[in-house]
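Results of the structural survey
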Amino acid sequence: MKKGMIFDLDGVIVDTAFYHFKAWQYLAKQIDIDFDAKFNETLKGISRVESLEKILLYGDKADDFSMAEKNILMNRKNDYYVQLLSKLTEKNILPGVLPFIKQAKKNNIPCAIASASKNATMILEQLNIKDYFVVIVDPHSLSKGKPDPEIFLTAANLIDVSPSEAIGFEDSQAGIEALNRANIFSVGISAQDNLVGADLRVDCFEKINFEQLLSM
Ligand code: G1P
Ligand code: MG
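Residues numbered from 1 in each chain as written. Chains lettered and ligands numbered in written order. Predicted model: local features only at pLDDT ≥ 70, side-chain atom pairs only at ≥ 80, totals over all residues. Heavy atoms only, no water.

You'll find the protein chain entered in an unreviewed UniProt entry as Beta-phosphoglucomutase, with Arsenophonus apicola given as the organism. Database annotation for the protein chain, UniProt heading Catalytic activity (unreviewed entry): "beta-D-glucose 1-phosphate = beta-D-glucose 6-phosphate". Note on the protein chain: under the UniProt heading Sequence similarities (unreviewed entry), the record states "Belongs to the HAD-like hydrolase superfamily. CbbY/CbbZ/Gph/YieH family." (UniProt positions renumbered as here; feature names shortened; annotations may be inferred.)

In structure tokens form, the structure reads like this:
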């Protein structure tokens, strides 16, 4: 039986993955780089600085900016993103998430958040769901981001379950790879058939049978 659950945030709990896409696209346009939803898939799950570096590489501008200039670009993206977040309400929580985390709480299954985002705590507070999570891994405390397993192994350790007793939920390819490398059962949340290697793939939490998942 599984004993703990670890959730990515953007694109798993709340539909903010789309806002990240819009904000990165807005920033990229200012430096004459254009990218589409397909390229955006490669930005999911990775840190702010890694996302920027990927965009610069994609636009053939990897060596055009100093670290100070990159910081200005990242702040600009984040300011725009945070502005988009101001409109966020409980309606942005993805289908089936709320009943699912309520059921986990009722069954004494500890839940953790393992997100690369430095905005995670603020979003959970804004949505009034922070108390469902006993742990929010601080991305500042990590030495490597997804697809490295560190964030998920840290989360499992903090909720006191072994990797084989944990279930992880992800919407990004980098996250699925991190879960698999951590030896944690990986559930891919995606309406498309794009998450390679997920142990289970579902459109949304409404499609998951809680009891059945625990016995996987
Ligand atoms: C960061 C990145 C973003 C990525 C997200 C993953 O968020 O900016 O590209 O998709 O993590 O959840 P941030 O710390 O900027 O909120
Ligand atoms: Mg995500």
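1. Description of the sheet that holds strand 6 (residues 200–202)
In space, the six strands of this open sheet follow the order 3-2-1-4-5-6, with parallel pairing throughout. The sheet is open, and its two edges are formed by strand 3 (135–136) and strand 6, each paired on a single side. In this structure, strand 1 (residues 4–7) lies alongside strand 2 (residues 111–113), joined through three bridges in parallel fashion. By the bridge assignment, Phe7 is partnered in strand 2 with Ile113. Each of strand 1, strand 2 and strand 4 (166–170) is contacted by helix 5 (residues 97–106), which is oriented at about 150 degrees to strand 1, the strand it contacts most. (Pairing = 2+ DSSP bridges. Helix = DSSP H or I, 4+ residues; strand = E, 2+ residues; numbered from the N terminus. Contact = heavy atoms within 4.5 Å. Axes fitted to C-alpha atoms, helices over the stretch in contact; angles between N-to-C directions.)

2. Focus on the environment of Ile31
Topologically, Ile31 is positioned in the loop between helix 1 (17–30) and helix 2 (37–40). The class of Ile31 is buried, set by a relative accessible area of 12%. Taking the C-alpha atoms as reference points, Ile31 and Ala174, separated by 143 residues in sequence, lie 26 Å from one another. (Buried < 20%, exposed > 50% of the residue type's maximum accessible area, 1.4 Å probe, protein only.)

3. Re helix 7 (residues 150–158)
The complete set of buried residues in helix 7 reads Ile151, Phe152, Ala155 and Ala156. The buried residues of helix 7 occupy an angular sector of 135 degrees when the element is viewed end-on, so they sit on one face. Away from its buried face, by an angle of more than 90 degrees, helix 7 presents the exposed residues Asn157 and Leu158. Buried-residue contacts for helix 7 involve strand 1, strand 2, strand 4 and helix 8 (173–181). Remark: Asp160 follows helix 7 within two positions and exhibits a positive phi of approximately 65 degrees. (Arc of directions from axis to C-beta.)

4. Quick notes on the pairing of strand 5 (residues 185–189)
Counting buried positions along strand 5 yields five of five residues, so the element is predominantly enclosed. Every second residue of strand 5 is oriented toward a common face, with Phe185, Val187 and Ile189 on one face and Ser186 and Gly188 on the other, all of them buried. As paired strands, strand 4 and strand 5 are joined by four bridges and run parallel to one another. Opposite Glu170, over in strand 5, you have Gly188 as the bridge partner. Each parallel crossover has a hand, and for strand 4 linked through helix 8 to strand 5 it is right-handed. The pairing of strand 5 with strand 6 spans three bridges and is classified as parallel. By the bridge assignment, Gly188 is partnered in strand 6 with Arg201. (Right-handed = clockwise from strand over helix to strand, strands pointing away.)

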